[in-house]
Amino acid sequence: MTNKEIKIAFTEYAGAAEMEAEDRTLVEKAIEATKHSYAPYSNFNVGAALLLDNGEIVTGSNQENAAYPSGLCAERTAMFYASSQYPQHAILKIAIAATQGGVLCGNPATPCGSCRQVMAQYQLRGGKPMQIILAGSEKILKFEKVDDLLPLIFDSI
Ligand code: THU
């Protein structure tokens, strides 16, 4: 028997001003995308902005439904749209932001398990690491690849 440990690395920024311009833009787009969120049940408005390897930025927001499971998170809305419109292009980065009452949440919203799994699949499909940026007003976290948020990724079929 061997005991093993998995460590993850990420960068914490005090604010967008500390980030490179490309990341800053993506964070701004994610915050902007929260305005198109349709979240009458949770009032939790999430926006996602993706940077594709052709330079295109694709955004999405959470879309809720009276039949709760029929709704979809911002991340998957954006990724499914990107893959539908630009199937040949890898997603290089995804920025995520959440607002409540129009105000950016202090703590960054972290993607749910289903969104992490979908990120893993598109990272594999794109063949390039997908960086993940989680933006809050108190701090912004950046992960270099999906594996950091989903260790032991399922990709075996
Ligand atoms: N949600 C997202 O869109 N992304 C996340 O990362 C977490 C949760 C949505 C789903 C639902 O519409 C609302 O936020 C509350 O869970």
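Asker: Whenever I open this one, the site of the ligand confuses me. Can you help?
Answerer: Taken together, the neighbourhood of the ligand is formed by Ser-42, Phe-44, Val-46, Asn-62, Glu-64, Cys-73, Ala-74, Glu-75, Thr-110, Pro-111 and Cys-112. At 2.8 Å from an oxygen atom of the ligand is found a main-chain nitrogen or oxygen belonging to Ala-74. The separation between an oxygen atom of the ligand and a polar side-chain atom of Glu-75 is 2.5 Å. Protein coverage of the free-state accessible area of the ligand, which is 380 Å², stands at 75%.

Asker: I would appreciate a short explanation of the nonpolar core in the present structure.
Answerer: Buried together is how nonpolar side chains tend to be arranged in soluble globular proteins. Leu-50, Ile-94, Met-119 and Ile-132 are the most contacted members of the largest nonpolar core, which totals 27 residues. Those elements giving two or more residues to this core turn out to be β2 (45-52), α2 (74-85), β4 (91-100), α3 (113-126), β6 (131-135) and β7 (140-143). For Ile-94, the residues in contact, after removing those within four places along its chain, are Leu-26, Ala-48, Ala-49, Leu-50, Glu-75, Met-119, Met-130, Gln-131, Ile-132 and Ile-133. Ranked by size, the runner-up nonpolar core spans 12 residues in total, among them Leu-26, Val-27, Ala-95 and Ala-97.

About the cut-offs
- Residues numbered from 1 in each chain as written.
- Predicted model: local features only at pLDDT ≥ 70, side-chain atom pairs only at ≥ 80, totals over all residues.
- Heavy atoms only, no water.
- Near = heavy atom within 4 Å.
- Polar contact = N/O pair within 3.5 Å; in protein donor to acceptor, adjacent residues only side chain to side chain.
- Areas by Shrake-Rupley, 256 points an atom, 1.4 Å probe, with all protein chains shown as cover.
- Core = buried A, V, L, I, M, F, W, Y, C linked by side-chain atoms within 4.5 Å.
- Buried < 20%, exposed > 50% of the residue type's maximum accessible area, 1.4 Å probe, protein only.
- Helix = DSSP H or I, 4+ residues; strand = E, 2+ residues; numbered from the N terminus.
- Contact = heavy atoms within 4.5 Å.

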